[in-house]
There are 2 protein chains.
Amino acid sequence: MSSTTKLTPKGAATRARIVEAAADHILAHGVGGTSLDDIRAGTATSKSQLFHYFPGGKTDLVAAIASFQSERVLEAQRPFLDTLDTWEAWEGWRKAVVAHYGSQAHWGCPIGALASELIASDPAVSDEVAAYMDRWRGYLQAGVTRMQAAGLLRADAVPETLALSIFAALHGGLLLTQTMQSIEPLEAALEGAMAALHAWQAPTRPSLSEVGSESLA
Amino acid sequence: MSSTTKLTPKGAATRARIVEAAADHILAHGVGGTSLDDIRAGTATSKSQLFHYFPGGKTDLVAAIASFQSERVLEAQRPFLDTLDTWEAWEGWRKAVVAHYGSQAHWGCPIGALASELIASDPAVSDEVAAYMDRWRGYLQAGVTRMQAAGLLRADAVPETLALSIFAALHGGLLLTQTMQSIEPLEAALEGAMAALHAWQAPTRPSLSEVGSESLA
DNA sequence: AACTTTCTGGACCATATAGTCCACAGATGT
DNA sequence: ACATCTGTGGACTATATGGTCCAGAAAGTT
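Parameters and conventions
Residues numbered from 1 in each chain as written. Chains lettered and ligands numbered in written order. Predicted model: local features only at pLDDT ≥ 70, side-chain atom pairs only at ≥ 80, totals over all residues. Heavy atoms only, no water. Least-squares fit on C-alpha atoms with pLDDT ≥ 70 in both. Contact = heavy atoms within 4.5 Å. Near = heavy atom within 4 Å. Polar contact = N/O pair within 3.5 Å; in protein donor to acceptor, adjacent residues only side chain to side chain. Helix = DSSP H or I, 4+ residues; strand = E, 2+ residues; numbered from the N terminus. Nonpolar A, V, L, I, M, F, W, Y, C, P; charged D, E, K, R; others polar. Domains from an automatic or database assignment. Buried area = accessible area lost by both parts, 1.4 Å probe. Salt bridge = Lys/Arg side-chain N within 4 Å of Asp/Glu carboxyl O.

### Section: the relation of the copies chain A and chain B
Least-squares fitting of chain A to chain B yields an RMSD of 0.2 Å, with the transformation described by 0.0 Å of translation along the axis and a rotation of 180°. Expressed as a symmetry operation, the mapping of one chain copy onto the other fits a two-fold axis. When each C-alpha of chain A is compared by its distance to the rotation axis, Gly172 of chain A comes out closest, at 1.7 Å. A shared binding surface is used by both copies, with 97% of the interface residues of chain A retained as interface residues in chain B.

In structure tokens, the structure reads:
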């Protein structure tokens, strides 16, 4: 979809400028509330440039923005996102998420909002966004899985379900930050999600001595 | 906003027909993906009727749909929603929610999706939708509050936060039903929310399974 | 310098869509 | 029966917006 054409440094810079400004505008006003003219005005570019860098038109541009925002959002959760192996890591992740979305220029999640809006209107881009969401969820699931493998979570926990519930709480919290114009719902949602995760905490200290003695006896 | 003009039975029926059909179309394709012509075609009406019953145009119509869907959604959660005083009621509520959204023609929540889309583009209607969301959340909070008053939840639980986290989980689950085209995320989300709520269960009777780590005294 | 390629500006087009208007049908009340 | 009000049809308008096109500037390549 994106261009296979060559980009000079200047061109790349312009393209980046467009994506960033458009991403901002879309976060604030949604895809439907963002016209190509808005973007043109906000970036001091011309119509032809928009179609030069995004031959597929608005759809193409929105897809680029989705990719851009996806990267940005995942990056904000690092390094915790990659190593959700301990309770401390989850705690760090939680704080990073709250800090990131609290410092954004507008409430809500660029990816979540995009997903919700596009699923109803643009199936093609929507699939792409859904893929980003899946990847994101995958990181959480990987963490839960490793927590379980390490004996921190009960053996009968289902990592997929657990990760899904945390992911859902996260996005619900983010959705509500929009309607309530406050960070509170996100904080409450993650607090709840962490509580639910702790509910599956393995019985205290599966220490070697205890396991050993039992098997010996 | 709505008409103060008189409506004959015939008129009321037409108006209702428009609202219902439009609500459906909007649930499927979003506000941006629904033109007045779509609605006209889907209801066998004419342009003039749309403006006759909704003088404010599309905005007015969307507001009416929000109200309609809000009622419908709350109704689907009854009678549990009004009496979330026991663990059984919450369980019943959970099942009712899953059943309702599982039987809808399309994934997602009409109110949540509307809120997400409109906040970015139409502040006026968005406020109205946010009010419906608040009312909805209020029911959950009232339930949690009564649970606590009845001694079913610990005294140091914060009903507002707890209800908010459940509400967030619910809407996150609903958002993900859209991206994943499955009821699973909603089920997982509510499962998690219930687990988080149970984490605040008052230790009235030590009839717990095998959790000896927490309450000793 | 000559030449090619990329970048940029903005006029222009096509059309989708919200919204207006008016004529007429069909009730309803007196 | 008459007058009046509500309901309905559909042509018409205005405009916002996505998209095209081409000429020319800037950069880079030989």
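More follows now that the structure is in view.
### Some details on the protein's contact with DNA strand C
As a matter of local geometry, DNA strand C sits amid 20 residues, with Ser48, Gln49 and Tyr53 of chain A together with Leu36 and Lys47 of chain B nearest to it. If you look at DNA strand C and keep only atoms within 4 Å of the protein, 57% of those are sugar or phosphate atoms. Lys58 of chain B has a polar backbone atom sitting 3.1 Å from a phosphate oxygen of DNA strand C. Looking at the surface near DNA strand C, the elements that each hand over two or more residues are helix H1 (9–29) and helix H3 (47–53) of chain A together with helix H3 (47–53) of chain B. Tallied by class, the residues present in the surface near DNA strand C amount to four nonpolar, twelve polar and four charged.

### Section: the domain arrangement of chain A
All names here are of chain A. Along its sequence, chain A is carved into domain 1 (1–66) and domain 2 (77–203). Each of domain 1 and domain 2 has a C-alpha centre, and the two are 29 Å apart. Each side of the interface is counted separately: domain 1 has twelve residues, and domain 2 has 14 residues. Summed over both partners, the interface of domain 1 with domain 2 comes to about 960 Å²; 72% of that surface belongs to carbon and sulfur atoms. It is Leu27, Val31 and Ala66 in domain 1 that bury the most area against domain 2; as a group they hold 50% of the surface buried on that side. The tally of links from domain 1 across to domain 2 stands at two residue pairs in polar contact (both at pLDDT 80 or more). Secondary structure elements with two or more residues in the side of domain 1 that touches domain 2: H1 and helix H4 (58–76). The class makeup of the residues in the side of domain 1 that touches domain 2 is eight nonpolar, three polar and one charged.

### Topic: the interface of chain A and chain B
Contacts between chain A and chain B engage 37 residues on the former and 37 residues on the latter. Here chain A packs against chain B, burying approximately 2,900 Å² in sum over the two surfaces, 74% of which is carbon and sulfur. At the junction of chain A with chain B, the criterion picks out zero salt bridges. The tally of links from chain A across to chain B stands at zero residue pairs in polar contact (both at pLDDT 80 or more). Only H1, helix H6 (110–121), helix H7 (123–149), helix H8 (159–180) and helix H9 (184–198) of chain A provide two or more residues apiece to the side of chain A that touches chain B. It is H8 of chain A that provides the largest number of residues to the side of chain A that touches chain B, a total of 15 residues.

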